[in-house]
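Residue-level listing of the chains:
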Amino acid sequence: MSPPIAPVGWSRWLVPPAALSIHLSIGQAYAWSVFKPPLEEALGLSGTQSALPFQLGIVMLGLSAAFGGTLVERRGPRWAMTVALVCFSSGFLLSALGAATQQFWLIVLGYGFVGGIGLGIGYISPVSTLIKWFPDRPGMATGIAIMGFGGGALIASPWSAQMLESFGGDNSGIALAFLVHGLAYAVFMLLGVVLVRVPRPRAEERADGVPATPDGPQVSARQALRTPQFWLLWVVLCMNVTAGIGILEKAAPMITDFFADTSTPVSVTASAGFVALLSAANMAGRIGWSSASDLIGRKNIYRVYLGAGTLMYALIALVGSSSKPLFVLCALVILSFYGGGFATIPAYLKDLFGTYQVGAIHGRLLTAWSTAGVLGPLIVNWIADRQEEAGKHGADLYGRSLLIMMALLAVGFVANELVRPVHPSHHLDAVAAQKGAPRARRQRAESA
């Protein structure tokens, strides 16, 4: 499947909706918790077991993005979106079979392994194309698409809950809900497959916002791994995501615990509303902060994420339990930074490594997400459990976790400060020249 080249006059503003159709679909992953209670009841699972499909899906997201990134660059966005469609939808269909036959391993295989491959390939499928279409506003362009991943759960959560209510929470009802998900997402993702186009090889219509001729450094994915800049950004992303996901995963019990001993405890309904607010902040941060990075620069926006994020955690630790509005505000800001970090990193990579294989480089960098997805919840939950065993309660359960998150953000801040332009020796022309030098010497020796 060859990449579809845009005809002359093609509007680049048709590409973000194509990307959004993919990301809104795979963003369903954040709504997996809707299926946890009915699965536990219907199949007799523990909470840890019912989380396995989601956890495996996130692991496969990082791995498939890392190992498939170069292939995505070579085959183009339409191929990648097609693979994502097939894998993600097939994952739901396998899960439907597993629920109908009460074989939980099929759900883990389908949603976690097969669907997780669809998550990873789908996540990176439009990134390089968007950056090439919007060289003037790469942060905004990638923010629009990646916003869909953060906001997908806002659609999927009520939709899934309504289906389970209509079909029933037993294994047959869950199977039917999985089946509808698989078919509906296949149709919606097909819109992106049909609509997406890549820019023409050279800019031929500058007046209409055609991609600019590549300028600045151009670095291959393989060469990028040999630069300190790649690993510094790996640390930056990992620290920022760890800090955000630590609150996101524990949001409802955390706000309940913080105000359990006050005169105004948080109800179950209010804690659910808090989770919804965090999802909205996550989504808004993806488009808002990434667009701001086009104006103030990528390094400066990460200074905001990491520096102000540390301040927000400090406020929660010091006075969060005495002021509910302050606690909520700080948490919302942290989650907006969490989402903004995801949306800004592709543009940061483009600034440093160019557009040549930015999608493949982005895929490799997403292994930081897989690491943070384990690290963040582990820190918060493990410490809270240990503190509870020690007889502590309320906000005291999270004091040490908050200090650790502040330290991690400080590490990320330092790593961001150390980022410098990539040395010219890593640029494509320099690498090509280095490889050509031995060949030239051999030819001269043979001719002599």
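Our subject is the structure that appears above.
Residue positions are counted from 1 within each chain, in the order its sequence is given. Local features in this predicted model are restricted to residues of pLDDT 70 or higher, and side-chain atom pairs are both shown and tallied only at a pLDDT of 80 or more, whereas totals for entire chains, interfaces and linings draw on every residue. Only hydrogens and water are set aside; all other atoms, that is, all heavy atoms of the structure, feed into the side-chain values.

> How should the packing of helix 17 (residues 367–389) against helix 18 (residues 399–417) be read in this particular structure?
Between two packed helices, what matters for the description is the angle formed by their axes and the separation of those axes. Here an axis means a line fitted to C-alpha atoms, over the contact stretch when the element is a helix, while the angle between two N-to-C directions is reported on a 0 to 180 degree scale. Helix and strand assignments come from DSSP, with helices taken as H or I runs of at least 4 residues and strands as E runs of at least 2, each series counted from the N terminus. At a minimum axis separation of 9 Å, helix 17 and helix 18 run at an interaxial angle of 150°. Between helix 17 and helix 18, the angle falls in the class roughly antiparallel. When the axes of helix 17 and helix 18 are compared, the crossing they make is right-handed. Counted together, Gly 376, Ile 379, Val 380, Ile 383 and Gln 387 of helix 17 and Arg 400, Ser 401, Ile 404, Met 405 and Leu 408 of helix 18 form the full contact between these two elements. Here the word oblique covers every angle except those under 35 degrees (roughly parallel), over 145 (roughly antiparallel) and from 65 to 115 (roughly perpendicular). The crossing is said to be left-handed when, going from far helix to near helix, the turn is anticlockwise and less than a right angle, and right-handed when the turn is clockwise. It only takes one pair of heavy atoms within 4.5 Å for two residues to be counted as in contact.

> What exactly am I supposed to notice about empty space enclosed by the protein here?
To find leftover empty space, a probe the size of one water molecule is rolled over the atoms. Definitions used for this entry: grid spacing 1 Å over protein atoms alone; cavity, a set of points where a 1.4 Å probe fits but cannot get out; pocket, an open set with protein on both sides within 12 Å along at least 5 of 7 lines; lining residue, one with an atom within 4 Å of a point. Grid points are joined across faces, edges and corners, and a volume is the space filled by probe spheres set on the points. The full count for this structure, using the stated rule, is one cavity of 30 Å³ or more. Within this model, the largest cavity holds a volume of roughly 40 Å³. In this structure, the largest cavity is lined by Asn 240, Ala 243, Gly 244, Tyr 305, Gly 309, Tyr 313, Ile 334, Phe 337, Tyr 338 and Leu 409. Note on residue categories: nonpolar means Ala, Val, Leu, Ile, Met, Phe, Trp, Tyr, Cys or Pro, charged means Asp, Glu, Lys or Arg, and polar means any other residue, Gly included. Residues of the lining of the largest cavity, tallied by class, amount to seven nonpolar, three polar and no charged.

> Whenever I open this one, helix 18 confuses me. Can you help?
Because an α-helix completes one turn every 3.6 residues, residues spaced three or four positions apart along the sequence face the same direction. In a helix, the anticipated span is given by 1.5 Å times the number of residues less one. For helix 18, which comprises 19 residues, the first-to-last C-alpha distance of 28 Å matches the rise-based estimate of 27 Å (1.5 Å per residue) to within 8%. Under the scheme applied here, a residue whose accessible area is under 20% of the maximum for its type counts as buried, over 50% as exposed, and between as partly exposed, the area being computed with a 1.4 Å probe on protein chains only. Where helix 18 is concerned, the buried positions are Ser 401, Leu 402, Met 405, Met 406, Leu 408, Leu 409, Gly 412, Ala 415 and Asn 416.

> I would appreciate a short explanation of the side chain of Gln 218 in the present structure.
Considering the arrangement of structural elements, one finds Gln 218 in the loop between helix 9 (171–195) and helix 10 (221–224). Taking relative accessible area as the criterion, Gln 218 reaches 15% and is therefore assigned buried. Among the polar contacts listed, one links the side chain of Gln 218 to the backbone nitrogen of Thr 355, at a separation of 3.1 Å. A polar contact is formed between the side chain of Gln 218 and the backbone nitrogen of Tyr 356, at a distance of 2.9 Å. N or O atoms closer than or at 3.5 Å make up a polar contact, with two conditions inside protein: a donor-capable atom paired with an acceptor-capable one, and, for residues adjacent in sequence, both atoms drawn from side chains.

> When you look at unusual backbone geometry in this model, what are you seeing that I'm missing?
Only a minority of non-glycine residues have a phi that is not negative, and only a minority of peptide bonds are not trans. One non-glycine residue, Gln 102, lies in the positive phi region at around 60°. With respect to the helices and strands, Gln 102 occurs in the loop between helix 5 (77–101) and helix 6 (104–124).

> Explanation requested: the environment of Leu 52 in the structure shown.
Turning to its location among the elements, Leu 52 is positioned in helix 4 (residues 52–75). A relative accessible area of 37% means that Leu 52 is categorised as partly exposed. With 380 residues separating them in the primary sequence, Leu 52 and Ala 432 have C-alpha atoms 45 Å apart.

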